Amino acid sequence: MRVLLALICASTLALCNTLVTASPVRKPYIVSYDGAVDDLCDALESTTKQMNNFHCLWHLKIKCRRRMRFARLFAVFANDNELNALRACVPTLDFEEDVEVFSQGVSSWSSWASDRLNSRDGLDGKSLPRDPPEDGYGSIVHVYLLDTGVRRTHVEFKDQAFGRGVDLVDDDAEPDDCDGHGSHVASTINQIAYSGKTVLHSVRVLDCHGNGELSGLIEGLEWVLGVATPSEPAVVSLALGVRDGIWSRALERVVQTLTGRGVFIVCAAGNQKGDACAISPGNVAETLTVAASDSTDAPYAYGNSGRCVDLFAPGVQILGACGGSTACEHPSDTAYAFQSGTSMAVAHAVGAATRLLMFSPRMSPENLKKHFTSTASRDKIRGGSLLPGTPNL
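In this report, we go over the structure that sits alongside the text. (Residues numbered from 1 in each chain as written. Predicted model: local features only at pLDDT ≥ 70, side-chain atom pairs only at ≥ 80, totals over all residues. Heavy atoms only, no water.)

1. Quick notes on the state of the cysteines
Disulfide: a covalent bond connecting the sulfur atoms of a pair of cysteines.
Then step 1. Overall, the coordinates contain four disulfides when judged by the stated rule.
Then step 2. Note that Cys 178 is cross-linked by a disulfide to Cys 208, the S-S spacing being 1.8 Å. Measuring the twist about the S-S bond at about -85°, one finds the Cys 178-Cys 208 disulfide to be left-handed. A residue pair is termed long-range when its members are at least 10 positions apart, and Cys 178 in the loop between strand E9 (166-167) and helix H5 (181-192) and Cys 208 in the loop between strand E10 (198-204) and strand E11 (211-213) qualify at 30 residues.
Then step 3. The partly exposed category is assigned to Cys 178, whose relative accessible area is 27%. (Disulfide = S-S within 2.5 Å. Helix = DSSP H or I, 4+ residues; strand = E, 2+ residues; numbered from the N terminus. Buried < 20%, exposed > 50% of the residue type's maximum accessible area, 1.4 Å probe, protein only.)

Structure (structure tokens):
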């Protein structure tokens, strides 16, 4: 009998230990909070109960992966039990899943875009002038490139000024590019902008395969919020997008905050051969959302279309710097590659925006977008299967 009781107790204890130590799978979330983010995160990470009004959180031991103070957001890994505890303790919290973000460019095959941008009707054998109208004339424009980083040692950037940047993927000292997408986009912006009139800020939010997290993208925009100043004209390049069909109120809010502070944001329409309205943040009304066209003015075969597109820009077979192994087989400081996609169209629109802001540095994002859509060439896009409501601009 004693042996039997001992076996029962031992089995029960083992079962109980299994139930106690087993925990639901943690998932990544972005959490909106209308108070001080640091106070709440400090309480979550604390090992004591002495945390002001957050005594009910001390036992959770959840780490805030990202703290976005301007946007009043933070990112965490949490399971269902922890989410319920958070909701019970702070009812005003709003949760959304932290999903993947992707670059919107793919490898492809002669650079013709600068020629196309200077003409209303097709290619004329001329390119946009790179030199400003007068030496020293016009304002410097700051470009914030949220991407895979930039290979700044590439010969394409020998005369390009770089400002403060940040690596939000590996937390490295320099936001270098191991994928190649960011370097390609940056070199296209550099070729379209007036020479010597831009400062490029590399904000690395995508990894060596062109993938990232929604919270990382928002943190990148939060970083721009903290460094951009109202006295300096600025453009944000978002040649990326959240997974098709995912809507993020947190992302929308930080985009609107930036545009409200005078920062112009250019977004990719996406390469899913579907509706651009399903791709964030290009479906946020305040942004300029750009689709891609080729040298014959046909729409990019895999590009999205629909009413959320604002205009088309060159985006097929675009030659640019190769700064990483995804863009070309042998990346180097002298390597170039051809890429296609709405990312390349974004780069051309960003370059065009810097030219306009150089002349009119106080133009608001709203008026700059209106200028683009009212002065764009009309009824040039031909062929392809475009969704109803797609503007032919």
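2. Re the packing of helix H8 (residues 342-359) against helix H9 (residues 365-375)
Then step 1. Taken N-terminus to C-terminus, the directions of H8 and H9 make an angle of 115°; their axes are 11 Å apart at the nearest point. Taken together, the axes of H8 and H9 lie roughly perpendicular to each other. The chirality of how H8 crosses H9 is right-handed. Residue-level contacts link Ala 349, Ala 352, Ala 353, Leu 356 and Leu 357 of H8 to Leu 368, His 371 and Phe 372 of H9. (Axes fitted to C-alpha atoms, helices over the stretch in contact; angles between N-to-C directions. Parallel < 35°, antiparallel > 145°, perpendicular 65-115°, else oblique. Left-handed = near helix turned anticlockwise from the far one by under 90°. Contact = heavy atoms within 4.5 Å.)

3. Let's talk about the pairing of strand E15 (residues 288-293)
Then step 1. Most of E15 is tucked away, with six of its six residues classed as buried.
Then step 2. Along E15, one buried face is formed by Leu 288, Val 290 and Ala 292 and the opposite face, lined by Thr 289, Ala 291 and Ser 293, is buried too.
Then step 3. Of the strand pairs in this sheet, strand E14 (residues 263-268) and E15 are connected by three bridges, and their pairing is parallel. Residue pairing for E15: Val 266 is matched across the bridge by Leu 288.
Then step 4. In this sheet, strand E16 (residues 311-314) lies alongside E15 in parallel orientation, the contact comprising four bridges. Bridging across to E16, Ala 291 finds its partner in Phe 312. (Pairing = 2+ DSSP bridges.)

4. Things to note about the sheet that holds strand E4 (residues 94-97)
Then step 1. Taken in spatial order, the four strands of this open sheet run E2-E3-E1-E4, and their pairing is antiparallel. In the strand order of this sheet, the two ends are held by strand E2 (66-68) and E4, each with one partner. Strand-to-strand twist of the sheet, defined as the mean angle between neighbouring strand axes without regard to direction, takes the value 30°.
Then step 2. Bridging between strand E1 (residues 27-32) and E4 involves four bridges; their strand directions are antiparallel. Counterpart to Ser 32 in the pairing with E4 is Asp 94.
Then step 3. Strands E2 and strand E3 (73-78) of the sheet are contacted by helix H2 (residues 37-45), whose axis makes an angle of about 155° with E2.
Then step 4. Contacting E1, E3 and E4, helix H3 (residues 80-89) runs over the sheet at an angle of about 140° to E3.

5. Thoughts on the packing of H5 against H8
Then step 1. Running from N to C, H5 and H8 cross one another at 35°; their axes reach a closest spacing of 8 Å. Considering only the axes of H5 and H8, their crossing is right-handed. The residues of H8 that touch H5, namely those facing His 181, His 184, Val 185, Thr 188, Ile 189 and Ile 192, are Ser 343, Met 344, Ala 347, His 348, Val 350, Gly 351, Ala 352 and Arg 355.
Then step 2. When its residues are assigned to classes, the contact of H5 with H8 shows seven nonpolar, six polar and one charged. (Nonpolar A, V, L, I, M, F, W, Y, C, P; charged D, E, K, R; others polar.)

6. A short note on the pattern of salt bridges
Then step 1. For the coordinates displayed, the defined rule picks out 19 salt bridges.
Then step 2. With its nearest N and O atoms 3.1 Å apart, the salt bridge here joins Asp 38 to Arg 67. Taken as a pair, Asp 38 in helix H2 and Arg 67 in strand E2 lie far apart in primary sequence, 29 residues in all.
Then step 3. Exposure remark for Asp 38: the relative accessible area of 25% places this residue in the partly exposed category. (Salt bridge = Lys/Arg side-chain N within 4 Å of Asp/Glu carboxyl O.)

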